[in-house]
Amino acid sequence: MFYDFKEIEGKWQKIWQDNHAFRAKVDLNRKKYYLLEMFPYPSGKIHMGHVRNYTIGDVASRFKLLEGYNVMHPMGFDAFGQPAENAAIKNKTKPDTWTHKCINEMEAELKKMGFSYDWDREVSTCDSSYYKWNQWIFLKMFEAGLAYKKASAVNWCSSCQTTLANEEVVDGGCWRCHTKVEQKDLEQWYLKITEYRERLLEDLGQLKQWPQRVLAMQNNWIGKSSGVDIYFRLKNSDKIIPVFTTRVDTIFGATYIVLAPEHPLVKELIKGKPEEKEALRFIEKVSKESKLVRTSSDVKKEGVFTGSFAVNPVNNEEVPVWVADYVLMEYGTGAIMAVPTHDQRDFLFAKEHNLPMRLVITPKDCDIKIEELIEAYEGEGIQINSGEFNGLKNIEAKEKIAGWMEGKGIGKIQTHWRLRDWLISRQRYWGTPIPMIYCPKCGIVPVPYKDLPVELPVEAPFTGDGGSPLGKVKEFVQVKCPKCSGPARRETDTMATFFDSSWYFLRFCSPECHTAAFDLHEAKYWMRVDQYIGGIEHAILHLLYSRFFTKFFQDLKMVDFGEPFEKLLTQGMVLKDGEVMSKSKGNIVDPDSMIKDYGADALRLFILFAAPPETELEWDKRGLEGAFKFLNRVWRIQENLKDKADDALVKIAHKTIKKVSEDFNEFKFNTAIASLMELTNAAYQMGADKEIFSQLVIMLSPIAPHFCEELWQGLGNKESIFKTAWPKYDLKLLIEENVDLVIQVNGKVRSKIQAPRDISESELKELVFKDEKLIPWLEGKTPKKFIIVPQKLVNIVI
């Protein structure tokens, strides 16, 4: 007999919705647990990546409910962005109409999966009740000197007529239309995230429960580099080119220097030289390339000679000055010294252009010959060809050379950062209007707080010709200056969507708050987010911006913490035939069709059992069929329950409770499911009673909630299974793998006990202090030490 998943899942989804089963409320008498998955862009359909991410979060959320926590598990939609504008043009509709249609479809699909969301907290970033507070935050940043406008080179798509963030440039083209991206000077709004760089870097040390890979990515993006600014003087000139390096130990091996094409000295250096025309053509070519392509390790590096020379200050050698695409103005001083023997990029560039090389570091026990080098030697070693520093270990020489150069005035010890201020301007309609006004008399004037929100006009021309549609809406653009009441114009750029997602986790704490971005008291109770779950693709920018906003709110005294997310899990991709599922590859599996054939619970079970959360998951329909069969096997146990289970099964059940509890806390859902399968098999062989079957159903309920609610009701329970308590195990029953332990007090034997071989320290303490033989020896005193010799003895020092 198969269980009727269609009827059961529909029944329980309606009950949960009608009863607001997962509504979260502040309760100071209960310990809170805030679980959050990264909210989705409303595309109208959920895919298997969504299913995996949200199933992982849902299981953790339901488990915490059963453990007695006051759980908040919200959901919303990251609803602004260019795709809605493109879809509106394609489908001849409006972005808001399209977006809300997609939200409704996606919400219905999420509900079919049985996720335990508090839908009363739903937010959509495209609603003015949300983006009003984007504008409020922007104005607060403007007041603090953190929001400013400047002209700078940006990634520009001539087709979409908009700027692109670096991550929106794919293979040198626009991620939307694939038009080749150019570099263009444009007046843009920036946020001064660099003001927070020290805190952003230092506070990574607080994030003990984040993946090391993510911490490393954040660290590298912030990019604090300690080194030396070296002063190369132009030949026959008093002008200086400062060059930053972290490898001052290689300065005696610098055989040329390289400037970024955007460096302000370049045009002066090439002027009137035979190389001028070629250099200008090269600069123009590079201006159309994205910075990601320029710095990519697998793209050939190109450059031209300027016709000029500079003087290496440590040995007065003349070295040629080149311009190359792999050097950026954003890092250091926009100029590097090239040491081809000890830097791989310089090595490849020097080989390509037949430039000189000199070794200045050699391994301690090995001779290197330049003519035999097939790659740069970037390891440690002994200084050679380095004047008075010859014979020193290069690590030691680095410090001494830096001090020597600073003392002679030919260099300065410096710190540089990779992190640059955050460009938030976008030339599109479907985003938060930037609340600024331009007045011919008063200059740039912020919109008064009382006039927020600055709402998007209902009608705007979507022609697909490019440029912001807002600029073509006369009623929106033409306004009075808030200061002088004279004619003025409104800013037509909108905010990058990363702004929306940089604080949404705080809005979830009080989505109905009309007087502030979030209620301070609610945020104090719910924050920080105890568990955050999302893809590794957001490991840098979204997480960095969220950390930045939180620190800003801390400075405004709106929160009393500087980090928003306590624990982070980055789930792996879902693959089919070894490739990530995508529409372009035609390897998409529609979750809706899987739910129709097997039910949401079987899909949830499969997606968790197939692989640990952090690793990639290979789709295999046979696994889904196996999950469905397992649920039916559990279903049939209820038909033949015994009055009392065998002691052997009781022991297996308690061992399973211990294992599943530990696995759930560590997000090891695949091994937890394996243990539940073992218990199910044992229950078939030995015959389960109502108590053990109830324990099995409770442990399975976070994974297959509809299925278990139905079984729980069938066992005679009137309330939801998620209002019961997670089962507890009895240590005394876990004796099939026990060992004898000698218990000492101050080094003298006072008792002997049996304990499981793999017992944890906390469990062992609990077992020992329950031993009645020890009570007279402890004399009510608090032990100073609890010394364990594994599987042999415990010595309590009082």
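Here, the structure is the one placed above.
Note that the structure is predicted; figures quoted are calculated from it, not measured.

(A) Highlighting the overall build of the protein. Helices and strands together make up the secondary structure of the protein, namely 26 helices and 32 strands. Across its three principal axes, the protein shows a C-alpha extent of roughly 100 × 75 × 50 Å. Going through the 798 residues of the protein one by one, you find that 55% of them count as buried. Long-range contacts, defined here as pairs at least 24 residues apart, represent 72% of the contacts in the protein between residues at least 6 apart.

(B) Structural view of a negative patch on the surface. A contiguous patch of negative charge on the surface is contributed by D577, E579, E616 and E618. Looking at the secondary structure, you find D577 in the loop between strand 26 (574-576) and strand 27 (579-580). Under the relative-accessibility criterion, D577 is labelled exposed at 67%.

(C) Highlighting the pattern of salt bridges. Tallied over the full model, the rule gives 39 salt bridges. A salt bridge links R62 to D58; its shortest N-O distance comes to 2.9 Å. One end of the pair is R62 and the other is D58, both in helix 2 (residues 48-66) and four residues apart, which spans about a single turn. Each member of the pair, R62 as well as D58, carries the same accessibility label: buried. Note that K112 and D592 form a salt bridge whose closest N and O atoms lie 3.1 Å from each other. Of the two residues, K112 is situated in helix 4 (residues 95-112) and D592 in helix 18 (residues 591-598); the sequence distance between them amounts to 480 residues. Through salt bridges with shared partners, a single ionic network connects D203, R547, K551 and E563.

(D) Region of interest: the environment of E37. In this structure, E37 sits in strand 1 (residues 32-37). Sequence separation between E37 and K192 is 155 residues; the distance between their C-alpha atoms is 28 Å. Once residues lying within four places of it in the same chain are set aside, the contact partners of E37 are N53, Y54, G57, D58, H73, M75, Y117, Y504, Y532 and I533. Side chain to side chain, E37 and H73 meet in a polar contact 2.7 Å long.

(E) Main features of the pairing of strand 3 (residues 147-157). With ten bridges joining them, strand 3 and strand 7 (residues 182-191) adopt antiparallel strand pairing. Across the sheet, the residue bridging to W156 is E182, located in strand 7. Looking at chain direction, strand 3 and strand 4 (residues 162-164) are connected through three bridges and run antiparallel. When the sheet's bridge partners are listed, N155 is paired in strand 4 with L164. From the end of strand 3 to the start of strand 4, which pair antiparallel, there are four residues, and Q161 there has a positive phi angle of about 55 degrees.

(F) Region of the structure containing the pairing of strand 8 (residues 224-234). Of the pairings in the sheet, the one linking strand 8 to strand 16 (residues 411-417) comprises seven bridges and is antiparallel in character. Across the sheet, V228 pairs through a bridge with I413, a residue of strand 16. Where strand 8 and strand 9 (residues 240-245) come together, six bridges link them in antiparallel fashion. Its bridge partner being in strand 9, Y231 is matched across the sheet by P242. Turn length for the strand 8-strand 9 hairpin, with the two strands adjacent in sequence and antiparallel, is five residues, and the turn residue N236 shows positive phi of about 60 degrees. In the sheet, strand 8 pairs with strand 11 (residues 303-311) via two bridges, with the strands oriented antiparallel. Residue L234 lies in a different strand from strand 11, and its bridge partner there is A310.

(G) Up close: the environment of F389. As for its placement among the helices and strands, F389 is situated in the loop between strand 15 (382-383) and helix 12 (394-408). With 279 residues separating them along the chain, F389 and K668 place their C-alpha atoms 55 Å apart. Contact partners of F389, with chain neighbours within four places excluded, come to F252, Q383, K400, I401 and W404.

(H) The arrangement of helix 2 in detail. With 19 residues, helix 2 should cover 27 Å at 1.5 Å per step; its first-to-last C-alpha distance of 27 Å lies within 8% of that length. Helix 2 sits mainly inside the fold: 18 of its 19 residues count as buried.

(I) Examining helix 18 more closely. Inspection of helix 18 places P591, D592, M594, I595 and Y598 among the buried residues, and these make up the whole buried set. One side of helix 18 holds all its buried residues, which, seen down the axis, span an arc of 160 degrees. Contacts from the buried residues of helix 18 go to helix 1 (5-18), helix 2, helix 4, helix 19 (600-609) and helix 20 (621-637). Capping the start of helix 18, D590 holds a side-chain oxygen 3.1 Å from the backbone nitrogen of D592, two or three residues further along.

(J) Expanded view of the packing of aromatic side chains. Considering all chains together, one arrives at 52 aromatic pairs under this definition. Taken together, a centroid distance of 5.7 Å and an interplanar angle of 65 degrees make the contact between W16 and F22 edge-to-face. By the burial criterion, W16 is buried, and F22 matches it. Between W133 and W136, the aromatic rings sit 6.0 Å apart at their centres with planes inclined by 65 degrees, giving edge-to-face as the arrangement. Of this pair, W133 and W136 both sit in helix 5 (residues 128-143), three residues apart, which is roughly one turn of that helix.

(K) Representation of the packing of helix 2 against helix 19 in the model. Running from N to C, helix 2 and helix 19 point in directions that differ by 95 degrees, and their axes come no closer than 10 Å. In terms of orientation, helix 2 and helix 19 fall into the roughly perpendicular class. Seen from helix 2, the contacting residues are M48, V51, R52, T55, I56, D58, V59 and R62; seen from helix 19, they are L603, R604, I607 and L608. Split by residue class, the contact of helix 2 with helix 19 holds seven nonpolar, one polar and four charged.

Conventions and cut-offs
Residues numbered from 1 in each chain as written. Predicted model: local features only at pLDDT ≥ 70, side-chain atom pairs only at ≥ 80, totals over all residues. Heavy atoms only, no water. Helix = DSSP H or I, 4+ residues; strand = E, 2+ residues; numbered from the N terminus. Buried < 20%, exposed > 50% of the residue type's maximum accessible area, 1.4 Å probe, protein only. Contact = heavy atoms within 4.5 Å. Patch = residues over 30% accessible without salt bridge, like charges linked within 9 Å, V, L, I, M, F, W, Y side chains within 5 Å. Areas by Shrake-Rupley, 256 points an atom, 1.4 Å probe, with all protein chains shown as cover. Salt bridge = Lys/Arg side-chain N within 4 Å of Asp/Glu carboxyl O. Lys, Arg positive; Asp, Glu negative; His and termini not counted. Charge placed at Lys NZ, Arg CZ, Asp CG, Glu CD. Polar contact = N/O pair within 3.5 Å; in protein donor to acceptor, adjacent residues only side chain to side chain. Pairing = 2+ DSSP bridges. Expected span 1.5 Å × (residues − 1). Arc of directions from axis to C-beta. Phe/Tyr/Trp six-rings, centres within 6.5 Å; stacked < 30°, edge-to-face > 60°. Axes fitted to C-alpha atoms, helices over the stretch in contact; angles between N-to-C directions. Parallel < 35°, antiparallel > 145°, perpendicular 65-115°, else oblique. Nonpolar A, V, L, I, M, F, W, Y, C, P; charged D, E, K, R; others polar.

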